[in-house]
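What the coordinates show
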Amino acid sequence: MRLNKRRLRFFRYLHPKLTKLVLIFLLVLAAALVLFLLDAFTEELPVLQSDTEEENIKWVDFNVPYKVLEKTMYLDIESYDTEIHLKWTELLACLSTKYGGNFQLYKAKDLDHLVSRLNQGESITTITEGMKLYNYWLKAYTAVLGGFLGEFMIQIPVDSETGGEIVWESKYGLKAFSPIPEGYWYSDYDDFGAGRSYGYKRKHFGHDMMIGTGTPILSIESGIVEAMGWNQYGGWRIGIRSFDKKRYYYYAHLRKDRPYSADLYVGKAVKAGDVIGYSGRTGYSRKENVNNIDTPHLHVGMQLIFDEELKDSPNQIWVDMYAITKLLLKNKCPVYKNEESKEFYRKYDFTEPSYFLETENLKDSARKAEAALLSSTAPEDSIPLPVVMYHGLLKDKRYHNKFFISPQLFEKDLNYFKENHYTPVLVKDLIDYVDHGVPLPEKPVVITFDDGFYNSYVYAYPLLREYNMKAVISIIGKLTDKASLIKDESPYYSYLTWDEVKELNGSGFIEIQNHSYNMHDNGKNRRGAMQKPGESIEEYRLVLEEDLGNFQNQIFEMIGQKPTAFTYPYGFISKSSKDILKNMGFRASFSCAEGINYITRDPDCLYRLKRINRTPDKTSEEFFRVIAPVQKKEQ
């Protein structure tokens, strides 16, 4: 191919001004293209936080698949009262940081590996160190899901043998409800971001649930009614703000004439699962009470609010609720109709702590115990009993985590007890009080060590003797057997031998209890000492008797004394285990649920004793300030 050199010379040399104009035009075009792309990206991608914590999030792209939401939710719920609480918002934030917010890259093994690291004692702070966007995703997912899981009480019907009585049950789990009640159908698809043309071209920042006209609509989460009335796009609609003020729920296209629950008004506090209105097809009209929607459905939306000034601005943050509404199907509230008023009401009542009065980390250690103490009512003639859960003592700070603290901090705890007149007691002291009324000290406390680490012999035992205080050590049979054969004396990984167990138990400072022979496992076969799905009560009883019962006999042969308490591995508990333990002769049991115990003369008060896990991040004064307050000085 020949080039026309005359034409090239003509462009290059004969018209320099034209060349300059072309270059300027290209630069302007490139700048306009960059501005256009930036403007488009602000609509589709998250604006990430800068290094300053005060800067608010401008967008949240919530694209977590249903299967990931479901799995992390169950991990959170099942681990709540165990040694390691796996918070789903933290798990999701870790994964999202890894994937750059794109959950199409999700692999189950990534979540399994993260859970494994946490179960081995690594803290979420250590794991996420260096992850620049972790705090952004944690803040984002906490804003979306912050009110979905928690402690609550709900009425449940008991067996018909009792005459259909309804009782209250305390739970931790999904406390947000599907907006569609039990017994009603709906259909949907993921329509978030789809185009809408009525009024003006715009995106659909909500989720449509196709359902029959007049279906009762329930409040997804507890909160305050902020808006009611007509909107030309949404028809009759309701706006409810969550108690923590992070989420604004928008329910639209309610029915004509009687859209709302009769007693609803702006400013009213509603509970999750309350009936707030009825579905219809109003909207797409400036005139009130007009049905201009072809198909009856509920439009439900969730707006995130990080900056109050932006709540009604064009820069609103809306969340794709397709996966969320699917998850909420696991919690559908039954309703009934009052034939006189024709109004619908929830069938079983529900109550929960006010979310905005709690801290985000209420579950952690003493803060959880503080809330439990402040919210609980002591039974008449009861004795408050804090139980502190330790695991191991190590001098090297590199190995400190949720379960290992320094010997120096443990000594400070003992000194705190001494100065404030708290007396550590053993399980046998609690049994003597329950059975025979033998008085307990004025301010009793129980010190427990789980797993039987050798470092408790090296560090804790001498300090207990020095301060003349007592502690409970729960040992694992298989590890004690192994340690007795190997006889490796390392405070970092070794366990107590039978000779050391016998010495400790005979000292008067240590009481040995049963932590199972070989059930300290968080694997796929069985979770601790829990009953397996599909396992009958009789099969479960035989499993416990074989492991715990044989271990009871082994301990008796080795040290001449049978344990009186069982310490649940990982805190995993099945309801049916209590009666089995009683029949095996256990008088008490230790859980990992956090809170204060109240001891009475009722023998049942000694089962599932709550404990507070001692972490290395607080001073003795900070850790014990509520669960074991300082001694007030006399005036």
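Okay, so let's go over this structure. Predicted model, so just to flag it, every value in this text is computed and none were measured.

Attention now goes to the overall build of the protein. When you go through the protein residue by residue, the secondary structure sums to 17 helices and 28 strands. Burial analysis of the protein (635 residues in total) assigns 50% to the buried set. The long-range share in the protein, meaning contacts at least 24 apart out of those at least 6 apart in sequence, stands at 68%. For the protein, the exposed surface amounts to about 32,200 Å²; the carbon and sulfur share of it is 52%.

A few words now on the environment of Ile 405. As for its placement among the helices and strands, Ile 405 is situated in strand E20 (residues 404-405). Note: C-alpha distance between Ile 405 and Gly 392 (13 residues apart in sequence) is 6.7 Å.

In terms of nonpolar packing, the biggest core is built from 75 residues, with Phe 62, Leu 69, Tyr 251 and Ile 324 touching the most fellow members. With eight residues, helix H7 (residues 134-145) is the single largest residue contributor to this core. Contact partners of Leu 69, with chain neighbours within four places excluded, come to Phe 62, Val 64, Trp 88, Leu 92, Leu 145, Ala 323, Ile 324 and Leu 327. Judged by nonpolar contacts, the second largest core, of 40 residues, contains Tyr 459, Tyr 461, Ile 475 and Phe 551.

Across the sheet, which stays open at both edges, the three strands sit in the order E2-E1-E16 with antiparallel pairing between neighbours. Edge strands, defined here as strands with exactly one partner in the open sheet, are strand E2 (166-174) and strand E16 (350-351).

Before going further, it helps to spend a moment on the pairing of strand E12 (residues 297-304). Remark: a regular strand shows side chains that alternate across the two faces of the sheet. Most of E12 sits inside the fold, with eight of its eight residues counted as buried. Neither face of E12 is exposed, since His 297, His 299, Gly 301 and Gln 303 on one face and Leu 298, Val 300, Met 302 and Leu 304 on the opposite face are all buried. For strand E9 (residues 247-252) and E12, the ladder comprises six bridges, and the chain directions are antiparallel. Note that in E12 the partner of Tyr 250 across the bridge is Gly 301.

Residues other than glycine seldom take positive phi values, yet Lys 245 does so here, at roughly 70 degrees. Turning to its location among the elements, Lys 245 is positioned in the loop between strand E8 (235-242) and E9. The class for Lys 245 is partly exposed, based on a relative accessible area of 48%. A positive phi angle, near 65 degrees, is found at His 421, a position not held by glycine. Counting through the fold element by element, His 421 comes out in the loop between helix H10 (407-419) and strand E21 (423-424).

As a further point, take the packing of helix H4 (residues 88-99) against H7. In the contact formed by H4 and H7, the axes pass within 8 Å of each other and the chain directions differ by 135 degrees. Taken together, the axes of H4 and H7 lie oblique to each other. Of the two possible hands of crossing, H4 and H7 adopt the one that is right-handed. For the pair H4 and H7, the contacting residues are Trp 88, Thr 89, Glu 90, Leu 92, Ala 93, Cys 94, Ser 96 and Thr 97 in the first and Tyr 134, Trp 137, Leu 138, Tyr 141, Thr 142 and Leu 145 in the second.

Counting across every chain of the model gives 27 salt bridges. The salt bridge partner of Asp 112 is Lys 71, with a shortest N-O separation of 3.1 Å. Taken together, the residues span a long stretch of sequence, with Asp 112 in helix H5 (residues 108-119) and Lys 71 in helix H3 (residues 66-78) at a distance of 41 residues. The exposure class assigned to Asp 112 is partly exposed, which follows from its relative accessible area of 41%. Taking relative accessible area as the criterion, Lys 71 reaches 31% and is therefore assigned partly exposed. Glu 226 is the salt-bridge partner of Arg 241, the closest N and O atoms lying 3.2 Å from each other.

Let us now look at helix H12 (residues 455-467). With 13 residues, H12 should reach 18 Å at 1.5 Å per residue; the first-to-last C-alpha distance of 18 Å fits that figure. By the largest-angle criterion, Tyr 461 marks the main kink of H12, which is about 30 degrees, and a proline, Pro 462, follows within four residues. Of the residues making up H12, those classed as buried are Asn 455, Ser 456, Tyr 459, Ala 460, Tyr 461, Leu 463, Leu 464 and Tyr 467. Two residues or fewer past H12, Asn 468 is found with a positive phi of approximately 55 degrees.

Taken as a whole, this structure holds 34 aromatic pairs when the rule is applied. For the ring pair Tyr 99 and Phe 103, a centre distance of 5.8 Å and an interplane angle of 75 degrees mean the geometry is edge-to-face. The same class applies to Tyr 99 and to Phe 103, which are both buried. Counting every residue linked through ring pairs, the aromatic cluster contains Tyr 416, Phe 417, Tyr 422, Phe 623 and Phe 624. One residue, Lys 326, lies across the ring of Tyr 66, its end atom 4.4 Å from the ring centre. The ring of Tyr 422 carries Lys 443 above its face, with NZ or CZ at 4.2 Å from the centroid.

Cut-offs used in this document
- Residues numbered from 1 in each chain as written.
- Predicted model: local features only at pLDDT ≥ 70, side-chain atom pairs only at ≥ 80, totals over all residues.
- Heavy atoms only, no water.
- Helix = DSSP H or I, 4+ residues; strand = E, 2+ residues; numbered from the N terminus.
- Buried < 20%, exposed > 50% of the residue type's maximum accessible area, 1.4 Å probe, protein only.
- Contact = heavy atoms within 4.5 Å.
- Areas by Shrake-Rupley, 256 points an atom, 1.4 Å probe, with all protein chains shown as cover.
- Core = buried A, V, L, I, M, F, W, Y, C linked by side-chain atoms within 4.5 Å.
- Pairing = 2+ DSSP bridges.
- Axes fitted to C-alpha atoms, helices over the stretch in contact; angles between N-to-C directions.
- Parallel < 35°, antiparallel > 145°, perpendicular 65-115°, else oblique.
- Left-handed = near helix turned anticlockwise from the far one by under 90°.
- Salt bridge = Lys/Arg side-chain N within 4 Å of Asp/Glu carboxyl O.
- Expected span 1.5 Å × (residues − 1).
- Bend = angle between axes of the 7 residues up to and from the residue.
- Phe/Tyr/Trp six-rings, centres within 6.5 Å; stacked < 30°, edge-to-face > 60°.
- Lys NZ or Arg CZ within 6 Å of the ring centre and 35° of its normal.

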